[in-house]
Each structure stands twice: as structure tokens, then as C-alpha cells.
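Remarks on the overall topology
Now for the letters of each chain:
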2 protein chains.
Amino acid sequence: MSKNEFICDCNVIHKDVVESTIKNMPDADIFNKLADFFKILGDTTRAKILSALDQNEMCVCDIANVLGMSKSSISHQLGTLRRSGIVKCRKQGKEVFYMLDDDHVQKVFEIGMEHIEHRK
Amino acid sequence: MSKNEFICDCNVIHKDVVESTIKNMPDADIFNKLADFFKILGDTTRAKILSALDQNEMCVCDIANVLGMSKSSISHQLGTLRRSGIVKCRKQGKEVFYMLDDDHVQKVFEIGMEHIEHRK
DNA sequence: ATTATAGTTGAATATATGTTCAACTATAAG
DNA sequence: CTTATAGTTGAACATATATTCAACTATAAT
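Description of the structure in this document. Per chain, residues are indexed from 1 in the order of the written sequence. In the order they appear in the text, chains get letters beginning with A and ligands get numbers beginning with 1. Where totals are concerned, whole chains, interfaces and linings use all residues; where local detail is concerned, this predicted model gives features only for residues with pLDDT of at least 70, and gives and counts side-chain atom pairs only at 80 or more. To obtain the side-chain values, all non-hydrogen atoms of the structure were included, while hydrogens and water were left out.

We call a residue near a given molecule or strand whenever any one of its heavy atoms falls within 4 Å of it. Ser75, His76 and Tyr98 of chain A together with Ser72 and Gln77 of chain B are the nearest of the 26 residues found near DNA strand C. Atoms of DNA strand C within 4 Å of the protein belong to the sugar or the phosphate in 69% of instances, the rest to bases. Contacts to DNA strand C include Val96 of chain A, whose backbone N or O atom sits 2.8 Å from a phosphate oxygen. A distance of 3.5 Å separates a phosphate oxygen of DNA strand C from a polar atom in the side chain of Ser73 of chain B. Broken down by secondary-structure element, the contributors of at least two residues to the surface near DNA strand C are α4 (60-67), α5 (71-83) and β3 (95-100) of chain A together with α3 (44-55) and α5 (71-83) of chain B. Each residue belonging to the surface near DNA strand C can be placed in one class, and the counts come to 7 nonpolar, 11 polar and 8 charged. Throughout this description, a polar contact denotes any pair of N or O atoms lying within 3.5 Å of each other; where both atoms belong to protein, one of them has to be capable of donating a hydrogen while the other can accept it, and for residues adjacent in sequence the pair is counted only when both atoms sit in side chains. Starting at the N terminus, helices and strands are each numbered in turn, a helix being any DSSP run of H or I of at least four residues and a strand any DSSP run of E of at least two. As a working rule, the residues Ala, Val, Leu, Ile, Met, Phe, Trp, Tyr, Cys and Pro are called nonpolar, Asp, Glu, Lys and Arg charged, and the rest polar, with Gly in that last group.

This is how it looks when you write it as C-alpha cells:
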């Protein structure tokens with residue numbers, strides 16, 4: 001079996017499989033964006049925030065109270081969610097109301113839930 | 001407006017919304033499992049591994065070569081994926097072939113991709 | 001204007017986690 | 001039995017990130 005022509009510390013065992021797999025892999029760029037998206041959902045606090053916002057649009061203090069966490073912590077996470085285009089907000093007086101920006105989130109959560117059910 | 005009865009550093013502004021949202025929130029347990037599942041997908045290396053395994057079952061060295069990474073690193077990640085029930089493996093001689101255990105992964109990726117497309 | 005409250009933000013801290021390294025096990029071949 | 005290779009694993013290291021804290025801005029009310 002041929003030695004490794006790729007940048008790796010081990011041999012290529014099935015050259016044909018490796019080469020065809022590499023050929024069909026999406027660009028690294030895609031994986032970075034995809035991983036970033038799932039990373040956002042992969043945090044308990046953010047998951048709870050999104051679940052809450054799936055019920056109602058809410059202001060920062062209300063979300064903080066629903067989760068039993070500090071205003072600052074929630075605001076930081078909302079900033080992260082907003083920069084990722086997953087939530088948007090509107091300002092009304094002193095309050096800032098946050099809401100889901102993207103219906104994909106709900107669908108992704110559903111399938112995640114299916115996976116959890118399937119696992120136990 | 002009533003002061004906060006919850007463990008939080010700020011006021012409840014819309015008591016009715018907060019209470020009904022709390023009432024309808026899934027258990028903390030669910031959020032932990034859900035976040036853990038997405039955390040797994042939220043890493044570039046693991047996302048690439050899963051994409052590769054979606055094409056073919058593959059041994060550790062082949063995966064390492066497809067990704068251009070060390071055997072050890074890939075093995076660690078495969079361990080993580082296996083413990084999460086996302087991949088399974090079969091042993092054949094010295095080689096261990098890994099494959100997807102769960103068809104939910106593919107569906108989740110598809111929706112993630114839709115989200116990315118939608119975002120640009 | 002002053003005061004109070006909603007929300008944001010940067011820095012610091014603590015924790016989680018991905019990769020490397022080295023040592024290890026297991027199987028196959030000579 | 002010895003050697004080579006596939007794969008695993010724990011510890012160490014480096015990096016990423018969630019929460020806290022304190023200071024800040026913005027709006028509203030007195």
C-alpha cells in the first residue's frame with residue numbers, strides 16, 4: 001500500500017476511498033460556517049433563550065428572569081445570537097425586545113429532539 | 001411593577017409573559033441533552049468527519065488523511081462521536097471502520113446548510 | 001437637571017475543550 | 001518470538017468561551 005502523499009502522520013490505507021472522499025468534500029469555508037451555526041445552538045443558556053423566544057418576543061430583563069440569570073449574561077448571549085443572525089430586536093422606550101429571526105432554528109431543534117428521543 | 005421573586009439581578013417587567021414562558025419551558029435536562037448534541041456538531045473537525053462518513057464508512061487512518069490531521073486527534077474525536085451515539089464502528093483485522101449511526105445527523109446538516117444559504 | 005431603570009460592553013476570571021505527545025494495546029506478518 | 005502497523009488513551013498545553021463585575025449609555029419620570 002502506498003505511503004502517504006497528504007499532510008498526515010499515518011498511511012493511506014484505502015487510496016481510492018480517500019481520494020474520492022476528498023474530491024466530494026464541501027469547501028472548508030462551508031464547514032466553518034456550519035460549525036459556527038451549531039456552536040451557537042450548543043450552549044444550554046442560548047438554547048433556553050431560543051426556546052423562550054420561540055414562545056414570545058421578550059425584553060432582556062424578562063429573559064433573565066425566565067432563566068434565573070443575570071441581565072449582563074443574557075445580554076452578552078443575545079449579542080452573540082444577534083451577530084449570528086439568529087435573533088433580531090426592536091427597541092421600545094427603555095426596553096429592547098428580542099425575537100427569533102430565523103425559522104430554521106425551530107426545525108433544527110425539532111430534529112435535535114428526535115435524536116434525543118431516539119437515543120434513550 | 002412587582003419586584004423580582006426569582007433568583008435574578010433585575011426586575012420582572014412583564015410578569016404574565018415571564019410566568020407563562022416559565023410554565024411552558026421544557027425541563028433543564030432536555031436543554032442539556034440538546035445543547036450537548038449540537039455541541040458535537042459545532043466543531044469543524046467533527047463536522048468534516050461526519051461529512052466524510054456520510055459518503056463512506058472509513059478507517060481511522062483514511063479519515064486522518066482525508067482531513068490532513070493526526071491519527072490521534074481523529075481517534076479522540078471519533079471517541080467523542082461514538083460516546084454521543086452519532087457514529088458506530090466495526091473492527092476488521094487491525095483496522096476499525098467507522099460509520100454514521102444516526103440518520104438525524106444528515107437531516108440536521110441539511111437544515112444548517114439552508115440556514116447558511118439563507119444568511120448570505 | 002436629577003434620579004432610576006433597561007440594556008450594553010470590555011476586562012478579568014474560570015472553565016471547557018481540541019490537539020499534541022508519548023506510551024500503550026491489539027492484530028498481522030515474517 | 002519479533003517487528004510493524006492500526007488504533008486508543010491520559011496528560012499537558014493552548015485556545016475558546018461563558019459568566020461576573022464594574023462602568024457605561026439611553027430613555028423615562030419626577
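With that settled, consider the pairing of strand β2 (residues 87-92) of chain B. All names here are of chain B. Pairing between two strands is assigned when DSSP locates at least 2 bridges connecting them. In terms of strand pairing, β2 meets strand β3 (residues 95-100) through 6 bridges, oriented antiparallel. Looking at the pairing, Gln92 lines up with Glu95 of β3. Linking β2 back to β3 in an antiparallel pair, the connection comprises 2 residues, with Gly93 at a positive phi of about 65°.

With that settled, consider the pattern of salt bridges. Residue and element names in this part refer to chain A. Salt bridges are identified by distance alone: a Lys or Arg side-chain nitrogen within 4 Å of an Asp or Glu carboxyl oxygen. If you walk through the whole model with that rule in mind, you get 10 salt bridges over all chains. One salt bridge connects Asp36 with Lys39, and the closest N-O pair in it is separated by 3.9 Å. Taken together, the residues Asp36 and Lys39, both in helix α2 (residues 28-41) and 3 residues apart, mark about one turn of the helix. Think of it in three bands: with a 1.4 Å probe and only protein chains considered, a residue is buried below 20% of the maximum accessible area for its type, exposed above 50%, and partly exposed in between. Asp36 gets classed as partly exposed once you look at its relative accessible area, which sits at 44%. Put simply, Arg90 and Glu57 hold a salt bridge, and the shortest N to O gap is 2.3 Å. Highlighted residues: Arg90 in strand β2 (residues 87-92) and Glu57 in the loop between α3 (44-55) and β1 (58-59), separated in sequence by 33 residues. On the accessibility criterion, Arg90 (33% relative accessible area) is partly exposed.

Bringing the sheet that holds β2 of chain B into the picture now. Residue and element names in this part refer to chain B. What the 3 strands build is an open sheet, ordered β1-β3-β2; its pairing is antiparallel. Edge positions in the sheet fall to β1 (58-59) and β2, since each of these pairs with one other strand and no more. Contacting β1, β2 and β3, α3 crosses the sheet at an angle of about 95° to β3. Contacts were defined at the residue level, with two residues in contact if any of their heavy atoms lie within 4.5 Å. Axis angles are defined between N-to-C directions and span 0 to 180 degrees, where every axis is a line fitted to C-alpha atoms and, for a helix, only to the segment in contact.

Moving on, we get to the interface of chain A and chain B. Of the residues lining the interface, 68 residues belong to chain A; the matching set on chain B comes to 68 residues. The three residues of chain A that bury the most area against chain B are Phe38, Asn65 and His115 of chain A, which together make up 11% of that side's buried surface. At the boundary of chain A and chain B, one finds 2 salt bridges. Residue Lys107 of chain A is joined to Glu114 of chain B by a salt bridge in which the shortest nitrogen-to-oxygen separation is 3.9 Å. Counting across the interface, chain A meets chain B through 22 residue pairs in polar contact (both at pLDDT 80 or more). Listing elements by their share of the side of chain A that touches chain B, those giving two or more residues are α1 (15-24), α2, α3, β1, α4, β3 and α6 (104-119) of chain A. Considered class by class, the residues forming the side of chain A that touches chain B number 34 nonpolar, 21 polar and 13 charged. Buried area: the accessible surface (1.4 Å probe) lost by two parts on joining, summed over both.

As a further point, take the protein's contact with DNA strand D. In the vicinity of DNA strand D lie 26 residues, with Thr45 and Ser72 of chain A together with Ser72, Ser75 and Tyr98 of chain B positioned nearest. Within 4 Å of the protein, the contacting atoms of DNA strand D are drawn from sugar and phosphate to the extent of 70%. Here His76 of chain A contributes a side-chain N or O atom positioned 3.2 Å from a base oxygen of DNA strand D. Contact distances for DNA strand D include 2.7 Å between a base oxygen and a side-chain N or O atom of Ser72 of chain B. Mapped by element, the contributors of at least two residues to the surface near DNA strand D are α3 and α5 of chain A together with α4 (60-67), α5 and β3 of chain B. Taken together, the residues of the surface near DNA strand D break down into 7 nonpolar, 11 polar and 8 charged.

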